[in-house]
Amino acid sequence: MFGIISHKLVASTAGGSPGQPILRAAVLAMMSNYSTATKQIMVREALNSALDEEMAADPTVFLMGEEVGEYEGAYKVSKGLLRKYGPQRVVDTPITEAIDHIINSAAKTNYMSAGNINVPIVFRGPNGPAAGVGAQHSQISSHWYSSCPGLKVLAPYSSEDARGLLKTAIRDPDPVVFLENELLYGESFPVSDEVLDSSFCLPIGKAKIEKEGKDVTITAFSRMVGYALKAAEILEKEDLEAEVINLRSIRPLDRSLINNSVRKTNRLVTVEEGFPQHGVGAEICASVVEENFNYLDAPVERISGADAPMPYAANLERLALPQVEDVVRAARRACYRSVPTATTA
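Just so you know, these numbers come straight off a predicted model, no measurement behind them. (Residues numbered from 1 in each chain as written. Predicted model: local features only at pLDDT ≥ 70, side-chain atom pairs only at ≥ 80, totals over all residues. Heavy atoms only, no water.)

**Points about the packing of aromatic side chains**
Enumeration over the complete set of coordinates arrives at two aromatic pairs. Arranged with centres 4.8 Å apart and planes meeting at 25°, the rings of Tyr75 and Tyr185 form a pair that is stacked. Pair noted here: Tyr75 is in the loop between β4 (63-65) and α2 (81-85) and Tyr185 is in the loop between β8 (176-180) and β9 (188-191), with a separation of 110 residues, a long-range link. Like Tyr185, Tyr75 is buried. Considering the side-chain rings of Tyr157 and Phe189, the 5.0 Å spacing of their centres and the 75° angle between planes classify their relative orientation as edge-to-face. Note that Tyr157 is positioned in the loop between β7 (152-154) and α6 (159-171) and Phe189 in strand β9, a separation of 32 residues in sequence. Each member of the pair, Tyr157 together with Phe189, is buried. In this structure, Lys76 packs its charged tip against the face of Tyr71, placed 3.8 Å from the ring centre. (Phe/Tyr/Trp six-rings, centres within 6.5 Å; stacked < 30°, edge-to-face > 60°. Helix = DSSP H or I, 4+ residues; strand = E, 2+ residues; numbered from the N terminus. Buried < 20%, exposed > 50% of the residue type's maximum accessible area, 1.4 Å probe, protein only. Lys NZ or Arg CZ within 6 Å of the ring centre and 35° of its normal.)

**Observations regarding the packing of helix α9 (residues 255-265) against helix α10 (residues 280-292)**
For the pair α9 and α10, the least separation of the axes is 10 Å and the interaxial angle reads 60°. Between α9 and α10 lies a crossing whose hand is right-handed. Residue-level contacts link Arg255, Ile258, Asn259, Val262 and Arg263 of α9 to Glu283, Ile284, Ser287, Val288, Glu291 and Asn292 of α10. The residue inventory of the contact of α9 with α10, partitioned by class, reads four nonpolar, three polar and four charged. (Axes fitted to C-alpha atoms, helices over the stretch in contact; angles between N-to-C directions. Left-handed = near helix turned anticlockwise from the far one by under 90°. Contact = heavy atoms within 4.5 Å. Nonpolar A, V, L, I, M, F, W, Y, C, P; charged D, E, K, R; others polar.)

**Looking at the environment of Pro276**
In this fold, Pro276 is placed in the loop between β14 (268-271) and α10. C-alpha of Pro276 to C-alpha of Arg302: the two residues are 26 residues apart in sequence and 8.0 Å apart in space.

**A look at the confidence of the model for the protein**
For the protein, per-residue confidence averages 90 on the pLDDT scale, and residues scoring 70 or more make up 88% of the total. Across residues 16-34 the pLDDT falls below 50, and counting only partners more than four positions away or on other chains, this stretch makes 138 contacts in the model. (pLDDT = per-residue confidence, 0-100.)

**Focus on the sheet that holds strand β15 (residues 301-303)**
Within the open sheet, the five strands sit side by side as β10-β12-β11-β14-β15. Their pairing is mixed. Both outer strands of the open sheet, β10 (208-211) and β15, are each paired with one neighbouring strand and no more. Going from strand to strand, the sheet's axes swing by 25° on average, the running direction of each strand aside. Where strand β11 (residues 216-220) and strand β12 (residues 242-246) come together, five bridges link them in parallel fashion. (Pairing = 2+ DSSP bridges.)

Here it is, written out as structure tokens:
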């Protein structure tokens, strides 16, 4: 389910369906991408603290969505907020899957009002496959929302991402779709005192190089960043240095950082859990080929979920999703360390 945050509204959603809303408000202050970690916090704790601090700082920020109040959120992201801010600012709503309000109302109001009306709202909630929940609760909607002008689309990976990007989204004057991964809520990541400071924010539209390398560029977002980093560790043992880019922002994309990386490594592998057709990886591949064709020393490689509804059976579910070994094989192909699949068929 999505939650909604707004001015400032933050909408929240509990399940994994594409249109469920979470409200938000949005952005500004920008701090360093890199910091020295001093503490471990879970992603859900990072999100909760970001919501709490922004609601404390601005009385016009409120939260509404399915189960966000009495139940404290399906994944406890809104834990303690109803007790602290009361039912006027933390509002339980019926389940809603109205994507029309995001695509046709929130995204287009600023343009259709000639810039006179802003829609400072955040739609936040689980996105992407969980585990054993079948096709209807395994949607990944990053490519749907990111194809719509007027929306900003964010997909955090770590606790630092979750905290910094959500605070920025809540302060932003425009509608933001904030896509969290259900399987990351309970993951702990190291954070620094800088990240825990109430002024900490991360800029929209800026990716982060999680690992530097010179042989192949790997782009990923959300949970797939962890897979890319594991793949890079394996490749390093084979004397291949992969540069791993955490996209953070899906719309706008940090095309400059991606382009600069590809011009250095001359190779590209994109990784995502979504469907291959019209996906985020497809957009990145097209952009890189358009702008960096003369720099490429190998065909671009695209790793994605299967082009089929998500199976329920665990063994088939695994086959339908990218695995670390898929990323490793793609990087090897790009670096001509293995025979291309097409020639072995």
